[in-house]
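An overview of the molecular structure
Spelled out, the chains give:
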Amino acid sequence: MKKATILILLIITLAITVKAQEQPNKIMIADKLFERYEYFKSLNIYLKLANRNHPTTHAVERVADCYRLINDYEKAETWYKKVVDMNEAAIIDRYYYAEVLLRNKKITEAREQYKIYYQSENTEQLPFKLATCDSAEKWMKSPVTTFTIKNEPKFNSKSSDWGLTHNDSIGFVFSSNRKISNKKKQIDNRDGDGYFKLFHAIKDTAELLELNTKGNPIFNGDYHIGPAVFTNSGDTAYITITTTLPKSQISVDLKSKGSVQRLYTRRLQLIIATKVKGKWAIFKSFPYNNIKSYSVGHAALSKSGSILYFSSDIPGGEGGTDIWYCEKQSDGEWSTPINCGKVINTKEEETFPNLSADNTLYYSSTGLPGMGGMDIFKAKGEKADWGKPVNLKFPVNSTSDDFCFTTRDSLSGYFSSNREGGKGSDDIYSFGYTPPLVVASIPVKVSKPVAAPKPIAPSPLLTMKKGDSFVLNNIYFDLNKSNIRPDAAIELNKLVDVLQQRPTMRIEIDAHTDSRAPSNYNMDLSKRRAASTVAYLVKQGIAQNRLVSRGYGDTRLLNNCGKGEHCTEAEHQINRRVEVRVLGD
C-alpha cells in the first residue's frame, strides 16, 4: 500500500515537472519567432498558452501584439482589453489599445486610453492624439461631399491588393499577395500571407506581370515586390522590392536585451527595369540604394520625368521615413538625394508620394494632424519648396491606413486602404472629385441710366490670372448634341458681360462629354461643343482671336460614371460641361 502511494506521488510529481518545463519551452520558442518578426507562426503558440487557465500576462500581451502587427484590429482590441485588465500589464499596452480602438472607430474609448498612457509617458504628445480623435469624429460626421469613392472589385481579391498605377501604354499595374495560378503559394511568416508580386489588370482579370527573364530571376523569389511607377513612354519602370541578398549577407540588427538570435531586416530598394523589344530585359539597381543602412522605395516621377521622388530613412532626414528627390542630370544619371524639407516631412513616417500633372504632391503621413493611421495629404510646389500640406479628410481618409493616392488631373484616380468593408485586407478604391462651381454669382447685365457709372460684376473671372480655371455653371448639352440650349445661353451672356469688362483677356473654352458612346465619338463631340460655345460668344461681339476651343471627350469625368457604370441621366449630365481657362491678356 505504501509503495503504491509513493508511486502515485512520484507520477504526480513528474507530471507537474514536465508541465512546468513545457510552458517555458513553448514561451521561448514563441519569443524567438516573435523576435524574428514571424508573428503568424508565434501567434499559434501564444494562443495556446493564453487560452489556458490563469495565463501569464506576457502570453496574453503577445497575442494582442501579434494580431495588431498582422493588421487584425478587431481581435487585437479583444486581447488588449484582456491585457490592460491584468495587474502586470505594461503601460505601453494602453497606447496600443488606444490605437486599435481608434482604428475600430471606438473614439470615446480611445481618448480615455490615450489619457491613461500619457499620464506617465511623454505628455507633450497627448494634445496631438486627442486632436486626432476629434478630427476623426468630426470629419466622419461631416464628410467632404466633393469626393466620391468606390471599392473596385475588378482589382480586388480576398488577399491584399494595393498600389495601383496607370500608364497609357501598359494599363493598370498593382501589387497583390494573391495566389498565383499553378504555383505553390509562398508564405511570409510575418503575417501568414503570400509574397507581394506585380499584377497587370486586363479587362476584368488580373495576370502576373512578367518581369522575369532567363538567367535573371530577381522577381521570382521569396521577396515582396511593389509598388511600381512607369515613365510616360512605358519603357522604363522604377520598382520597389525587398532586398534579394541571402540572409548571411544582410547586416545584423541591434540585438534586443537577452536575445541570442542573429536578427536582420530586409530593407527596400529600387530596381530600374527597361524594356527591350517589348520585353522587360534590363534590370539595374538605383544608384542610391544602400540596403545595409537604409531603405529606398515608393518612387514617383514628375510629369517631365526629370525629378524622381521617393520615400527613405536616409540618415539626416526629419524622422522615420521622409520624402526625398533626385534630379536627372544631362548625362541621364540621377543627382544626389535631397530631402523635401520639414514642411511636408515630420518626425514620423511620410511615404508613397505621387504627382499629378500640375505638380500637386499627394503622399501619406502618420505625423501630420489626421484621423489616425496613415492619412493622405496634398501639397503644392516642387523639390524642397512646398506649401502647407492639406488633409483630404473623410471619405478619402479613414481611421485606418490610407495610401498610394494616384491621379493625373486631381479629378479622378485611385488609392489604397485597409479600412473595414473591403474585399481583402488592403483594397484598391477609385475616387471622383467634383470642383465647386464658382461662377453662379455672375449677374446678367442690366441696363442703367446714361449718367450712371457702369457697375463691375462681382465675378471671380474679373480677378483671375493666367492659368486659373473654373467650371462655367449650367452650361450643359443634350445627349449627343452640340447646339447651345436656351438655359446655357443665359449663362453665356453673363460670361459675355465679364469679357466686355476685361477687353484684353484671352480664354480657352474646354468642353467635356459623358462616358456613353465610343471615346473617339465623344472626343469629336466635345470639340464641336467647344467650337459651338466659341461661336456663340463671337456672335455676341467677342473677338475671335480672344477665344480658343478645346475638346476633352470623356477623358476627365467628374464622377464615377465611367464606361459600363450604371448612372442616372442627372449624373451623366454633370460630365457634359464647359470649363473656362484664362490664357492671359
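Structure shown above.
Residues numbered from 1 in each chain as written. Predicted model: local features only at pLDDT ≥ 70, side-chain atom pairs only at ≥ 80, totals over all residues. Heavy atoms only, no water.

1. A word on a nonpolar patch on the surface
We count it as follows: For patch detection, residues must exceed 30% relative accessible area and be free of salt bridges, and they are connected within 9 Å for like charges or within 5 Å for nonpolar side chains (Val, Leu, Ile, Met, Phe, Trp, Tyr). Throughout, the Shrake-Rupley method with a 1.4 Å probe supplies accessible areas, and for residues the shown protein chains are the sole cover considered. In the sections that follow, a salt bridge refers to a side-chain nitrogen of Lys or Arg positioned within 4 Å of a carboxyl oxygen of Asp or Glu. Runs of E in the DSSP output that reach at least two residues are strands. Runs of H or I that reach at least four are helices, and both are numbered from the N terminus.
On the surface, Ile 91, Ile 92 and Ile 116 cluster together into a nonpolar patch covering about 190 Å² of accessible area. One can find Ile 92 in helix H5 (residues 92-103).

2. As for the packing of aromatic side chains
As a reminder, the rule being used: Whether two aromatic rings pair depends on their centres lying within 6.5 Å, for rings of Phe, Tyr and Trp, where Trp uses its six-membered ring; planes under 30 degrees apart make the pair stacked, over 60 edge-to-face, and the rest tilted. The criterion is that NZ of a Lys, or CZ of an Arg, lies within 6 Å of the ring centre and within 35 degrees of the ring normal, and then a charge sits over that ring.
Applying the stated criterion across every chain yields a total of 31 aromatic pairs. With centroids separated by 5.7 Å and ring planes inclined at 70°, the aromatic side chains of Phe 286 and Phe 310 adopt a geometry described as edge-to-face. In this pair, Phe 286 is assigned in the loop between strand S11 (279-285) and strand S12 (296-301) and Phe 310 in strand S13 (residues 307-312), connecting sequence segments 24 residues apart. Taken together through their ring pairs, the aromatic side chains of Phe 147, Tyr 362, Phe 405, Phe 415, Tyr 429, Phe 431 and Tyr 433 make up a single cluster. Directly above the ring of Trp 79 sits Lys 82, whose terminal nitrogen or CZ lies 3.9 Å from the centroid.

3. Describing the sheet that holds S12
Backbone-to-backbone hydrogen bonds join strands into a sheet, with any given pair of strands oriented parallel or antiparallel. Note the following rule: DSSP calls a pair of strands paired once it identifies at least 2 bridges connecting them.
What the four strands build is an open sheet, ordered S12-S13-S14-S15; its pairing is antiparallel. Among the strands making up the open sheet, the edge pair consists of S12 and strand S15 (338-339). Taken together, the four bridges between S12 and S13 define a ladder with antiparallel strand orientation. What sits directly across from Gly 297, in S13, is Ser 311.

4. Some thoughts on the pairing of strand S2 (residues 161-167)
Applied cut-off: Accessible area is worked out with a 1.4 Å probe on protein chains only. A residue is then buried under 20% of its type maximum, exposed over 50%, and partly exposed in between.
In terms of burial, S2 is largely enclosed, as six of its seven residues are buried. For S2 and strand S3 (residues 171-176), the ladder comprises five bridges, and the chain directions are antiparallel. Bridging from a neighbouring strand, Asn 167 pairs with Gly 171 of S3. Count of turn residues in the S2/S3 antiparallel hairpin: three residues.

5. Overview of the pattern of salt bridges
Scanning the model with the defined rule gives 23 salt bridges in all. With a closest N to O distance of 4.0 Å, Asp 72 and Lys 75 form a salt bridge. Asp 401 serves as the salt-bridge partner of Arg 103, at 3.2 Å between the closest nitrogen and oxygen. With Arg 103 in helix H5 and Asp 401 in the loop between strand S20 (390-391) and strand S21 (402-407), the pair connects residues that are 298 residues apart, well separated along the chain. Assigned by exposure class, Arg 103 and Asp 401 land together as buried.

6. Examining the packing of helix H6 (residues 107-118) against helix H7 (residues 126-141)
As a reminder, the rule being used: The axes used here are C-alpha line fits, helices contributing only the stretch in contact, and every angle between their N-to-C directions lies in the interval 0 to 180 degrees. To sort the angles, those under 35 degrees are grouped as roughly parallel, those over 145 as roughly antiparallel, those from 65 to 115 as roughly perpendicular, and the leftovers as oblique. Here, residues are in contact when the closest pair of their heavy atoms is within 4.5 Å. Side-chain classes are defined by residue name, with Ala, Val, Leu, Ile, Met, Phe, Trp, Tyr, Cys and Pro counting as nonpolar, Asp, Glu, Lys and Arg as charged, and the others, Gly among them, as polar.
At a minimum axis separation of 10 Å, H6 and H7 run at an interaxial angle of 175°. In terms of axis orientation, H6 runs roughly antiparallel to H7. The residues of H7 that touch H6, namely those facing Ile 107, Ala 110, Arg 111, Tyr 114, Lys 115 and Tyr 118, are Leu 126, Lys 129, Leu 130, Cys 133, Asp 134, Ala 136, Glu 137 and Met 140. Of the residues belonging to the contact of H6 with H7, the class tally is nine nonpolar, no polar and five charged.

7. With respect to the pairing of strand S26 (residues 547-551)
In this sheet, S26 lies alongside strand S25 (residues 506-511) in parallel orientation, the contact comprising five bridges. Bridging from a neighbouring strand, Ile 509 pairs with Ser 549 of S26.

8. Section: H7
To keep things clear, this is the line we draw: One less than the residue count of a helix, multiplied by 1.5 Å, gives the span that helix is expected to have.
Its 16 residues give H7 an end-to-end C-alpha distance of 23 Å, which sits within 8% of 22 Å, the value for a rise of 1.5 Å per residue. By the burial criterion, the buried members of H7 are Leu 126, Lys 129, Thr 132, Cys 133, Ser 135, Ala 136 and Trp 139. Where H7 is buried, its residues touch H5, H6 and S20.

9. Overview of the side chain of Asp 322
Applied cut-off: This count recognises Lys and Arg as positive and Asp and Glu as negative, with His and chain-terminal groups excluded. Counted as a polar contact is a pair of N or O atoms within 3.5 Å, where, for protein atoms, one must be capable of donating a hydrogen and the other of accepting one, and residues adjacent in sequence contribute only when both atoms are in side chains.
With respect to the helices and strands, Asp 322 occurs in strand S14 (residues 322-327). Notably, Asp 322 is buried but unbridged: the nearest opposite-charge side chain belongs to Lys 342, and the N-O separation is 10 Å. For Asp 322, the side chain forms a polar contact with the main-chain nitrogen of Glu 318, separated by 2.4 Å.

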